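Geometric and topological summary
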Amino acid sequence: MRSNTLYLVVPCYNEEEVLHKTAEVLSDKLLRLIAAGKASPKSRILFVNDGSKDKTWKIIYELTRKNEIFAGLSFSRNYGHQSAILAGMMAAREKADAVVTVDADLQQDIEALDQFLDCYQKGCEIVYGVRNDRDTDGFFKKMTAGAFYRLMHLLGCRTITNHADYRLMSKKALNALAEFKETNLFLRGLIPTMGFASDIVYFDVKEREAGQSKYTLKKMLTLAVDGITSMSTRPLQLIVVLGFLTFLFSICLFISCIVDWANGQVVAGWTTTVASTCLIGGMTLLSQGIIGEYIGKIYMESKGRPRYIVDSMILRDGGEEQTEVTDERTN
């Protein structure tokens, strides 16, 4: 049997409305796993405060004082969901044998943790949680999510359809992930490229317990752009194809003009001129925008700035040790 100290990493951004309920449900589940021998008594729930503006960090702090099963990590400001997940995993990997990332809204079925751990004990280093359906999503989100995954596959990215960030990673996989240093994070595309033994666990999505989703349309679009530009160069290859097709179109248009001139059918050609100008101009601007997005990513990577800054971390190891508060500047 593999070592089974389990850490649940829970990214939080303005989750004061649901955090007490989340802590109650997750602690109950973790204690049941410990009682069943599937998780070590050293297992913990690590909440990551992603620069929340409400009382989220205050609640996390109180939870860690009342029960050593809870731990907390707080950013100096908001760095985003992907950075919060990464920070939690990197903080937990020194003490945990396996880490599961789960959202604070309790929409992901935590009863699937038993299957996650079963796969881990069978030798899987990574276990992906994949939702059975998207019935809880609205029409717009359902359509855009499906289009996003199809586009990612078309561009050659190894994303897993309907997998968000509900996954288990072993210490071995986490140590390998720590070797990746890019600033522009897209864990859903990055982790499947690592090549470790993996499996999929399907689960049902529940309604949110309280509050509103913090994943706005702007954040979803940003994640989509980051995912495409950080995991694939195919858009740049498509620009070459687009340029070639535009060149062929221009040649055909030129030949058409010569034929009209030879037949004495010379006209002002206003419509043709405007249409061709708009077409070529639009393609040029689109191509420049795509190239600019990649150049912007290169610019940010070249700076070597930290992906996040940890303001403080609270963790109790049990026994008579006191709560340990540390200031860290990491990654």
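Attention here is on the structure that accompanies the text. A quick note: this is a predicted structure, and the numbers were derived from the prediction, not measured.

**A look at the packing of aromatic side chains**
- Going through the model one piece at a time under the given rule, you end up with five aromatic pairs.
- Seen from their ring centres, Phe 75 and Tyr 308 are 5.3 Å apart, and the 20° between their planes marks the pair as stacked. Of the two residues, Phe 75 is situated in strand β3 (residues 70–75) and Tyr 308 in the loop between α10 (270–303) and β8 (310–315); the sequence distance between them amounts to 233 residues.
- Accessibility expressed as a relative area gives 4% for Phe 75, which makes it buried.
- Three or more aromatic residues joined by ring pairs form one cluster here, namely Phe 75, Tyr 79 and Tyr 308.
- Residue placement shows Arg 77 over the ring face of Tyr 79; its charged tip is 3.9 Å from the ring centre.

**Overview of a nonpolar patch on the surface**
- The grouping of Val 241, Phe 244, Leu 245 and Leu 248 at the surface amounts to a nonpolar patch, some 370 Å² of accessible area in total.
- Val 241 sits in the partly exposed class, given a relative accessible area of 45%.

**Some words on unusual backbone geometry**
- Here Asn 14, not a glycine, exhibits a phi torsion of approximately 55°, which is positive.
- With respect to the helices and strands, Asn 14 occurs in the loop between β1 (6–12) and α1 (19–35).
- Accessibility expressed as a relative area gives 19% for Asn 14, which makes it buried.
- One non-glycine residue, Asn 162, lies in positive phi territory at about 65°.

**Some thoughts on the pattern of salt bridges**
- For the structure on display, the rule yields nine salt bridges.
- Residue Asp 114 is joined to Lys 29 by a salt bridge in which the shortest nitrogen-to-oxygen separation is 2.4 Å. Separated by 85 residues along the polypeptide, Asp 114 in helix α4 (residues 113–121) and Lys 29 in helix α1 bring together distant segments of the chain.
- Among the residues examined, Lys 29 registers a relative accessible area of 2% and is labelled buried.
- Of the charged contacts in the structure, one is a salt bridge between Asp 165 and Arg 167, with a shortest N-O distance of 2.7 Å.
- Here the residues in one salt-bridge network are Asp 28, Lys 29, Arg 32, Lys 38, Glu 111, Asp 114 and Asp 118, joined through shared partners.

**As for the side chain of Asp 97**
- Relative to the helices and strands, Asp 97 is located in the loop between α3 (81–92) and β4 (98–101).
- For the buried Asp 97, which has no salt bridge, the nearest side chain bearing the opposite charge is Lys 171, at an N-O separation of 5.1 Å.
- Reaching out from Asp 97, the side chain makes a polar contact with the backbone nitrogen of Asn 4 at a distance of 3.3 Å.
- A distance of 2.8 Å separates a polar atom in the side chain of Asp 97 from the backbone nitrogen of Thr 5.
- Those residues in contact with Asp 97, other than ones at most four positions away along the chain, are Ser 3, Asn 4, Thr 5, Tyr 120, Ser 170 and Lys 171.

**Comments concerning the packing of α1 against helix α2 (residues 56–66)**
- Close contact between α1 and α2 brings their axes to 10 Å; oriented N to C, the two are set at 35°. Both α1 and α2 take part in a crossing whose hand is right-handed. Contact residues: Leu 19, His 20 and Ala 23 in α1; Thr 56, Ile 59, Ile 60 and Leu 63 in α2.
- A breakdown of the residues in the contact of α1 with α2 according to their chemical character gives five nonpolar, two polar and no charged.

**Quick look at the environment of Phe 186**
- Its location among the elements puts Phe 186 in the loop between α6 (171–177) and α7 (187–190).
- Residue classification places Phe 186 among the buried residues on the basis of a relative accessible area of 1%.
- Between the alpha carbons of Phe 186 and Ser 83 there is a distance of 9.3 Å; along the sequence they are 103 residues apart.

**Notes on the pairing of β4**
- Here β4 shows a buried face lined by Ala 98 and Val 100 and a second buried face lined by Val 99 and Thr 101.
- Across four bridges, the pairing between β1 and β4 is parallel. When the sheet's bridge partners are listed, Leu 6 is paired in β4 with Ala 98.
- Looking at chain direction, β4 and strand β6 (residues 163–170) are connected through four bridges and run antiparallel. For Ala 98, the partnering residue across the bridge sits in β6 and is Ser 170.

**Concerning the state of the cysteines**
- Taken as a whole, this structure holds zero disulfides when the rule is applied.
- With no disulfide of its own, Cys 124 lies closest to Cys 119 among cysteine sulfurs, the gap being 5.2 Å.
- Under the relative-accessibility criterion, Cys 124 is labelled buried at 11%.

**Side note on the environment of Cys 157**
- Note that Cys 157 resides in the loop between α5 (139–154) and β6.
- Owing to a relative accessible area of 6%, Cys 157 belongs among the buried residues under this scheme.
- Separated by 32 residues in sequence, Cys 157 and Gly 189 place their C-alpha atoms 6.4 Å apart.

Rules of the game
- Residue indices follow the written sequence of each chain, beginning from 1 at its first position.
- Residue-level local features of this predicted model are given only where pLDDT is at least 70; pairs of side-chain atoms are given and counted only at 80 or more, and the full residue set underlies all totals for whole chains, interfaces and linings.
- The basis for every side-chain value is the complete set of non-hydrogen atoms in the structure, without hydrogens or water.
- A pair of Phe, Tyr and Trp rings is counted when the ring centres sit within 6.5 Å of each other, with Trp represented by its six-membered ring. The angle between the planes then sorts it: under 30 degrees is stacked, over 60 is edge-to-face, the rest tilted.
- Strands here are runs of E lasting at least two residues and helices are runs of H or I lasting at least four, both read from the DSSP assignment and numbered beginning at the N terminus.
- Burial classes: relative accessible area under 20% of the type maximum marks a residue as buried, over 50% as exposed, and values in between as partly exposed (1.4 Å probe, protein chains only).
- Here, over-ring charges are defined by two tests on the NZ atom of lysine or the CZ atom of arginine: distance to the ring centre within 6 Å, and angle to the ring normal within 35 degrees.
- Think of a patch as exposed residues, more than 30% relative accessible area, with no salt bridge, where like charges cluster within 9 Å and nonpolar side chains (Val, Leu, Ile, Met, Phe, Trp, Tyr) cluster within 5 Å.
- Computed by Shrake-Rupley with a 1.4 Å probe, the accessible areas treat only the displayed protein chains as cover when residues are assessed.
- Throughout this description, the term salt bridge denotes a Lys or Arg side-chain nitrogen within 4 Å of a carboxyl oxygen of Asp or Glu.
- A residue counts as positive if it is Lys or Arg and as negative if it is Asp or Glu; His and the chain ends are not included.
- Two N or O atoms form a polar contact when they lie within 3.5 Å of each other; inside protein one atom must be a possible hydrogen donor and the other a possible acceptor, and for residues adjacent in sequence the pair counts only when both atoms belong to side chains.
- In what follows, residue pairs with any heavy atoms lying within 4.5 Å of each other are defined as contacts.
- Fitting a line to C-alpha atoms yields each axis, with helices limited to the stretch in contact; the angle taken between N-to-C directions then spans 0 to 180 degrees.
- For any helix crossing, the convention is left-handed if the near helix is rotated counterclockwise from the far helix by under a right angle, and right-handed if that rotation is clockwise.
- Each residue is assigned to one class: nonpolar for Ala, Val, Leu, Ile, Met, Phe, Trp, Tyr, Cys and Pro, charged for Asp, Glu, Lys and Arg, and polar for all the others, Gly among them.
- When DSSP finds two or more bridges between two strands, those strands count as paired.
- Any two cysteine sulfur atoms lying within 2.5 Å of each other are counted as a disulfide.

Without other data, these values stay purely geometric and don't point to any function.
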